[in-house]
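Each chain, written out:
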Amino acid sequence: MAWDFSTEPEFQQKLDWMTGFVHDEIRPLETLDLSWPQLRAAIAPLQQEVKKQQLWAAHLDPELGGQGYGQVKLGLMHEILGSSPYGPLVFGCQAPDSGNAEILAAAGTGEQKRRWLDPLLAGEMYSAFALTEPDNAGADPTNLTTTAVRDGDGWVINGAKWFISNAATADFVIVVAVTDPDAERHRRTSQFIVPIDAPGLEVVRDIASMENPSPRENTYGSHCEVVFRDVRVGDDALLGNPGDGFLIAQKRLGPGRIHHCMRWIGQANRAFDMMCERATYRFAHGGVLGDKQTVRNWIADSAAEMQALRLMTLQAAWVIDTQGTKAARKEIAMIKYYGAKILHDVIDRAVQTHGSLGYSSDLPLDFMYRAARAARLYDGPDEVHRDTVAKLVLRDYTPPAGNVPSEHVPTRRRAAQERYAALFDEILASV
Ligand SMILES: Cc1cc2nc3c(=O)[nH]c(=O)nc-3n(C[C@H](O)[C@H](O)[C@H](O)COP(=O)(O)OP(=O)(O)OC[C@H]3O[C@@H](n4cnc5c(N)ncnc54)[C@H](O)[C@@H]3O)c2cc1C
């Protein structure tokens with residue numbers, strides 16, 4: 001009977017090491033207001049330590065310098081790393097670089113891998129992924145209008161993108177552009193690797209947002225507006241074949257959502273710990289908060305919801321590992337919106353338990369709360385994932401005969417009466 005919820009002891013040892021490392025070495029950096037160059041200098045020795053522990057870029061295959069871990073193991077790692085915004089960066093598996101590395105590994109030529117993937121994996125280069133456009137619904141990426149037009153032996157890219165994470169500190173951008181407007185809607189786009197300093201590429205601004213209302217120049221975690229004006233790239237910038245843009249994008253999204261959800265559990269756990277700690281000492285109306293039924297309900301509900309999300313996410317990861325990403329479509333869509341809600345609700349309760357301190361920036365809850373709101377939007381808004389779940393669930397259902405519900409009691413009673421008529425007649429006759 002294969003139904004095992006345990007972690008191998010050797011891997012658990014690695015997870016335990018990671019937990020201590022994130023807590024002791026990475027979290028202190030959060031409290032400093034570091035520029036990108038300062039942050040890189042501060043994390044460089046930590047990254048070396050991670051490499052020494054053989055935990056660097058664990059999402060990739062060993063021949064690319066990774067560990068070839070499956071999604072369950074990666075999920076367990078991301079749960080720990082997600083508790084700090086810098087955790088994934090120190091372990092070489094931060095979005096969007098990890099997804100971009102997967103794209104380059106899957107669709108890149110030997111030369112593209114050498115030029116872009118190797119330095120990306122070495123932590124010498126950083127990247128961004130540019131899909132969303134200000135004038136088109138990002139929820140439906142078949143509507144893109146950024147174009148890449150053939151010109152001699154290269155391409156010319158024109159268009160505007162926005163909310164491009166880390167574009168302010170990236171060395172290159174993977175951009176999705178329309179290469180054949182007349183093709184079937186999933187074959188219209190292609191992906192191109194564009195150096196950030198390519199003539200015509202302008203990072204217009206780091207957009208002020210709930211996550212970062214006052215962005216400073218050259219800091220990690222930007223969400224930028226990026227404009228392409230007659231940006232000329234060679235044929236060697238194209239990933240895969242023309243028309244493969246959608247196909248390649250799909251590859252990175254499934255596993256990426258597992259990692260998001262596990263990171264959210266890490267964040268939710270951190271908020272939960274703060275809530276529980278507060279409950280032990282804050283005294284009001286004759287007792288500590290932990291004695292009040294409402295606070296106890298918050299603690300119990302949060303514990304149950306986080307456990308449910310964790311099991312759902314690890315099960316989705318297991319389906320990917322054992323049956324492939326396509327087989328896990330429903331599970332992945334489910335955890336994406338369910339996880340975003342649990343993340344928000346747990347942080348919200350932790351804020352409430354702390355009162356004005358929770359609302360202040362003296363605790364990380366304030367940033368966590370604002371950043372959590374985006375989880376309901378990026379990588380597809382809640383509504384799109386709910387729609388996918390409902391669509392896949394409904395595939396297993398068909399209209400009943402004559403549109404009479406299968407559970408209609410009078411109909412079932414008539415059928416049962418017919419089925420048992422002879423038996424009941426016999427019993428009646430014998431009494
Ligand atoms: C913090 C953050 C980081 C991001 N990073 C990146 C990045 O690095 N690269 C990148 O390309 N993009 C990035 N994005 C963009 C993100 O992927 C998009 O915001 C998202 O796909 C939604 O697209 P949109 O903003 O255009 O909203 P729209 O597509 O305009 O949707 C708006 C709303 O319409 C509703 N809606 C849409 N479709 C449906 C439907 N079928 N049924 C019911 N309701 C629907 C939903 O409520 C949705 O929230 C990021 C966004 C955020 C917030």
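Residues numbered from 1 in each chain as written. Predicted model: local features only at pLDDT ≥ 70, side-chain atom pairs only at ≥ 80, totals over all residues.

Draft legend 1. Main features of the overall build of the protein chain. Summing up its helical and strand segments, the protein chain has 13 helices and 10 strands in all. On the principal axes, the C-alpha backbone points of the protein chain span a range of 95 × 65 × 45 Å. Look at the contacts in the protein chain between residues 6 or more apart in sequence, and 71% of them connect residues 24 or more apart. (Helix = DSSP H or I, 4+ residues; strand = E, 2+ residues; numbered from the N terminus. Contact = placed C-beta atoms within 7 Å.)

Draft legend 2. Structural view of the pairing of strand 3 (residues 154-165). Pairing of strand 2 (residues 147-151) with strand 3, which is carried by five bridges, proceeds in the antiparallel orientation. Each residue of the ladder has a partner; that of Val-149, found in strand 3, is Val-156. Linkage of strand 2 to strand 3, two consecutive antiparallel strands, is achieved through a turn of two residues, within which Gly-152 is found at a positive phi near 60°. Direction of pairing for strand 3 relative to strand 7 (residues 223-234): antiparallel, over a ladder of nine bridges. (Pairing = 2+ DSSP bridges.)

Draft legend 3. Focus on the site of the ligand. Lining the immediate environment of the ligand, one finds 21 residues, of which Leu-131, Ala-137, Gly-138, Ala-139 and Glu-383 sit closest. Mapped onto the shell around the ligand, the elements with two or more residues apiece are strand 1 (127-130), strand 3 and helix 12 (382-394). Tallied by class, the residues present in the shell around the ligand amount to 13 nonpolar, five polar and three charged. When we break the shell around the ligand down by domain, the ones giving at least three residues each are domain 2 (127-239) and domain 3 (247-394). (Near = placed C-beta within 6 Å. Nonpolar A, V, L, I, M, F, W, Y, C, P; charged D, E, K, R; others polar. Domains from an automatic or database assignment.)

Draft legend 4. Spotlight on the nonpolar core. Ranked by size, the top nonpolar core spans 103 residues in total, and within it Val-173, Phe-192, Val-194 and Ile-347 carry the most contacts. Sorting elements by how many residues they give to this core places helix 9 (residues 329-354) first, with 13 residues. (Core = buried A, V, L, I, M, F, W, Y, C linked by C-beta atoms within 7 Å. Buried ≥ 20, exposed ≤ 12 C-beta atoms within 10 Å, placed from the backbone.)

Draft legend 5. Structural view of helix 2 (residues 36-52). Under the 1.5 Å per step criterion, the end-to-end length of helix 2 is 24 Å for 17 residues, consistent within 8% with the ideal 24 Å. By the largest-angle criterion, Ala-44 marks the main kink of helix 2, which is about 35°, and a proline, Pro-45, follows within four residues. Gln-54 sits one or two positions beyond helix 2 and adopts a positive phi of about 60°. (Expected span 1.5 Å × (residues − 1). Bend = angle between axes of the 7 residues up to and from the residue.)

Draft legend 6. Looking closely at the domain arrangement of the protein chain. For the protein chain, the assigned domains are domain 1 (9-121), domain 2 (127-239), domain 3 (247-394) and domain 4 (401-430). Computed over C-alpha atoms, the centres of domain 3 and domain 4 are 48 Å apart.

Draft legend 7. Summary view of the environment of Glu-8. For Glu-8, the location among the structural elements is in the segment before helix 1 (9-30). Along the chain, Glu-8 and Arg-263 lie 255 residues apart, while their C-alpha atoms are 21 Å from each other.

Draft legend 8. A look at helix 11 (residues 365-373). Buried residues of helix 11: Leu-365, Met-368, Tyr-369 and Ala-372, and no others. One side of helix 11 carries all its buried residues, which in axial view fall inside an arc of 100°. (Arc of directions from axis to C-beta.)

Draft legend 9. The arrangement of the packing of helix 3 (residues 71-81) against helix 7 (residues 245-281) in detail. Close contact between helix 3 and helix 7 brings their axes to 7 Å; oriented N to C, the two are set at 35°. Judged by the twist between their axes, the crossing of helix 3 over helix 7 is right-handed. Only Pro-255, Ile-258, His-259, Met-262, Arg-263, Ile-265 and Gly-266 of helix 7 make contact with helix 3, whose side of the interface consists of Gln-71, Leu-74, Gly-75, His-78, Glu-79, Ile-80 and Leu-81. (Axes fitted to C-alpha atoms, helices over the stretch in contact; angles between N-to-C directions. Left-handed = near helix turned anticlockwise from the far one by under 90°.)

Draft legend 10. Inspection of the environment of Leu-60 at higher detail. When you line up the elements, Leu-60 lands in the loop between helix 2 and helix 3. Considering only alpha carbons, one finds Leu-60 and Thr-353, 293 residues apart in sequence, at a separation of 41 Å.

Draft legend 11. Summary view of unusual backbone geometry. In this structure, Pro-96 follows Ala-95 across a cis peptide bond, with omega equal to 0°. Structurally, Pro-96 is set in the loop between helix 4 (87-90) and helix 5 (97-107). Unlike most non-glycine residues, Ala-57 shows phi in positive territory, near 45°. On the secondary structure map, Ala-57 appears in the loop between helix 2 and helix 3. Ala-57 sits in the buried class, given 21 other C-beta atoms within 10 Å. Although it is not a glycine, His-285 sits at a positive phi angle of roughly 45°. Among the secondary structure elements, His-285 is positioned in the loop between strand 9 (283-284) and strand 10 (287-288).

Draft legend 12. The packing of helix 7 against helix 9, seen in detail. Close contact between helix 7 and helix 9 brings their axes to 9 Å; oriented N to C, the two are set at 20°. Put simply, helix 7 runs roughly parallel to helix 9. In this structure, the crossing between helix 7 and helix 9 has a hand that is left-handed. Every residue of helix 9 that contacts helix 7 at Gly-254, Arg-257, Cys-261, Trp-264, Gln-267, Ala-268, Ala-271, Phe-272, Met-274, Met-275, Arg-278 and Ala-279 is listed here: Ile-332, Ile-335, Lys-336, Gly-339, Ile-342, Leu-343, Val-346, Ile-347, Arg-349, Ala-350, Thr-353 and His-354. Looking at side-chain class alone, the contact of helix 7 with helix 9 contains 15 nonpolar, five polar and four charged residues. (Parallel < 35°, antiparallel > 145°, perpendicular 65-115°, else oblique.)

Draft legend 13. Summary view of the environment of Leu-201. Mapped onto the elements, Leu-201 comes out in strand 6 (residues 201-206). Its 22 C-beta neighbours within 10 Å are what place Leu-201 among the buried residues. For the pair formed by Leu-201 and Phe-228, sequence separation is 27 residues and the distance between their alpha carbons is 4.7 Å. Filtering out sequence-adjacent residues up to four positions away, Leu-201 remains in contact with Val-194, Ile-196, Val-226, Phe-228 and Val-231.

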